[in-house]
Amino acid sequence: MADSKPFDEMYNADGSVREPYRALAQWLEEQPDKALTLMQSDAEAIFRKLGITFAVYGSEEGTEKVIPFDVIPRIIAAQEWRKLSKGIEQRVKALNAFLYDIYHRQEILKAGRIPERLILQNSAFCPEMMGLEPAKGVYAHIIGVDIVRVGPDEFYVLEDNLRTPSGVSYMLEDREAMMILAPDLFQRQKVAPVDTYPENLRRTLESVAPAASSGAPNIVVLTPGIYNSAYFEHSFLADQMGATLCEGPDLFVDGGKVYMRTTTGPERVDVIYRRIDDDYLDPLTFRPDSMLGVPGLFNAYRAGNVTLVNAPGTGIADDKAVYTYVPEIVEFYLGEKALLQNVPTYNCTDKEQRNWVLANIGDLVVKEVHGSGGYGMMVGPTSNKAMHNEFRKKIEARPDNYIVQPTLALSTCPTYVNAGIAPRHVDLRPYVLVGDEVRITPGGLTRVALKKGSLVVNSSQGGGTKDTWVLED
Amino acid sequence: MLGRTAQNLYWLSRYVERAENMARLLEVGYRMSLTSRREGGASEHLISMMQAAEVDEDFARKGRPADVDTVAHFMMFDPDNPSSVFNCLMAARTNARTVRTAITGDMWETLNAAWLHFSQIKPRDVRGAKLLELLEWVTHLSHEFRGALLGTILRDDGYAFLQAGNFVERADNTARILDMKYYVLLPRAKMVGGDLDIQQWSLILRAASAHLSYRHVYHDRYKAHNIADFLILRPEMPRSLIYCARFIEAQVQTLAEFYGRQPACNEAAASLRAMVEGTTMESIFAHGLHEFLTEFIARNNIVSTSLSESYNFH
């Protein structure tokens, strides 16, 4: 797989332009010299001016960076998107059904379709959630499914991000920037809008308010504060929805109900879109040393007096070890074949598979089960012998701590780099909202590995983003 | 609105106003030091300017001589000076970032762009004409921010907290400028000011951005009595104590109406305003200008603390 030339989304192997990219190719050809260079520097200025920054972990506190933005949009045809969104909808429904089951009767374990040990002894499993009835039965309300493409009709799900995924503000701001930078390009084709997201987010959150709350529910966004790497996004979403942006100390629990401290005293809170990890939500239930959370919050949640979005404990469904069972999960709960494929994954606890992995590690991708953000992983073909050996040792020591996948030849898109326009690998994170219904914003966030040949698209590892266009018929 | 949000709004606009006042004070100190004819005069002017800004002790701790370069650097860029323009702009922007959802995009972008610009300036490069240029930039920034505020924000509680912060800071500043030089404003047997007095008066007026509007109000040469009157009792002067006090009272009144209750800060604001309402300069001089200003600053502080208690700043 790694040897063949990757699928390019703009150009066919013979150099002709694929249909969805016709207008873009024409437009690129018409651009005078330096036009893209200018656009690129304008884009940087726009993002900095708006304060669309993220903090880089490990660097000096308060250091803010602008995520690189590529001015050439990525384009998805209408029928490609229809197929993708059907697969996504199926997947998020099945995962929510799975979560409900796992925290209630655990039928799927009783049926022996997933090993019990894998769930009940998993650190992402949250026993405190057992028997709790979340509003509308929904656990994961906001999901970002990472999808990669390797051929015209071949899409794979890389990860289901069910723990309040980030990046949606970039999807929205990339579009804003693109409309400022290249308005004429939009006039040449019909591009599905993405600015419906904030309204749909609000609707989704309202639809899962506790049954007992009357009138328009009071929605807040709970942030760890301005030093969090995604603070911009937290404030952006609160602003777009007209919700109050709170930090832990702004909230308190009294008599099993949640209130915020306002200028005129306590005010009841119904729905909390929390951007704080499970562990930090409530020092009385989870980590006692947490300063970010709200003491007593979990009990208020259990009592049905407030809705937490996403629910605690959703991590059990996007655990890398559980991931391999998602096709099984779709079949078990929906009685359908999964429309979207998983990347084939090797299980290192199986001796035969492990030996094969150790022998072929140079061609494989190794991921730590609980790692994220591109950390704790190794891409075989782009790593040296020392790295291979290091990961061999790691796998032998803790085979259950790693999953291994073939190195996928991620599709490439034309990208503006120093040397001009060149193909770079991309992935896609569409954003899904689950409440009274499933709402998927057309497109999503395209992340692009700006380094030549690199397959790592994470912004913390030098990745950038692109505006993502879903064409309308 | 969250109590914390109200607090951030209040301080955000206090810091913008403070940055502007610091720039004005420094400009005055700088001009005075250039024209000082006496040995050591330049240093004295700079120090009394820092006294007005209440940062003279912080400066003394640095153990450096007070010359134009050291003082300009201290007032503009020094992180050890709590009121340096650097610290004011950083605090304003951090507050703005924290309440990003409670202010408009225009207000945020003004502060964000200003911070990005300012934080890239190399202090070494800022001397002479460059310094004056940068000081002007700071005052323009303050105008731009206020313009964005007036032009774009909803007239609700957030607006009132922002405006209250702005004018509490301004009242404090005007009172301090007057107090720094109160003795040159006192009535004396010889009513005609000498050159030194004129220079001092002009310093006071410039620091309050009032040296030109003075002429329009009084059609007269600089006179101590008029200058004190202008900065304390003239209701049309937007930096006078009476203007600020009335304005602050109007903001807390707006809040009281918005929330439908009369908390303790309303009384504090009324008491501040009462000090400057229905009095005359003669009466103020008779009771002591310095005592009057000290009392005013204290009451202004009470407005600030009582506002934070009344509206759950935390």
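Heads up: the structure comes first, above all this text.
Residues numbered from 1 in each chain as written. Chains lettered and ligands numbered in written order. Predicted model: local features only at pLDDT ≥ 70, side-chain atom pairs only at ≥ 80, totals over all residues. Heavy atoms only, no water.

**Digging into the pairing of strand S23 (residues 463-470) of chain A**
Residues and elements named next belong to chain A. With eight of its eight residues buried, S23 lies for the most part within the structure. Bridge analysis of strand S3 (residues 69-76) against S23 gives five bridges, and the strand direction is parallel. Each residue of the ladder has a partner; that of Ile76, found in S23, is Val470. For strand S22 (residues 445-449) and S23, the ladder comprises four bridges, and the chain directions are antiparallel. Note on S23: the bridge partner recorded for Val448 is Gly464. (Buried < 20%, exposed > 50% of the residue type's maximum accessible area, 1.4 Å probe, protein only. Helix = DSSP H or I, 4+ residues; strand = E, 2+ residues; numbered from the N terminus. Pairing = 2+ DSSP bridges.)

**Quick notes on the pairing of S22(A)**
Residues and elements named next belong to chain A. In terms of burial, S22 is largely enclosed, as five of its five residues are buried. Burial along S22 is two-sided: Leu445, Arg447 and Ala449 facing one way and Thr446 and Val448 facing the other are all buried. Where strand S19 (residues 420-429) lies against S22, four bridges are found, and the strand directions are antiparallel. Each residue of the ladder has a partner; that of Leu428, found in S22, is Thr446.

**Focus on the interface of chain A and chain B**
How large an interface is tends to be reported as the accessible area lost when its parts come together. The interface is formed by 23 residues belonging to chain A together with 23 residues belonging to chain B. When the area that chain A buries against chain B is broken down by residue, the three leading residues are A:Lys49, A:Ile226 and A:Thr263, summing to 29%. At the surface where chain A touches chain B, the tally comes to three salt bridges. At the junction of chain A and chain B, the tally comes to twelve residue pairs in polar contact (both at pLDDT 80 or more). Taken together, the elements giving at least two residues each to the side of chain A that touches chain B come down to helix H2 (35-50), helix H9 (231-241), strand S7 (244-246) and strand S9 (257-262) of chain A. Broken down by element, the residue count for the side of chain A that touches chain B peaks at four residues, all from H9(A). Here the side of chain A that touches chain B is built from residues that sort into eight nonpolar, eight polar and seven charged. (Contact = heavy atoms within 4.5 Å. Buried area = accessible area lost by both parts, 1.4 Å probe. Salt bridge = Lys/Arg side-chain N within 4 Å of Asp/Glu carboxyl O. Polar contact = N/O pair within 3.5 Å; in protein donor to acceptor, adjacent residues only side chain to side chain. Nonpolar A, V, L, I, M, F, W, Y, C, P; charged D, E, K, R; others polar.)

Read these as layout, nothing more, since geometry by itself doesn't imply function.
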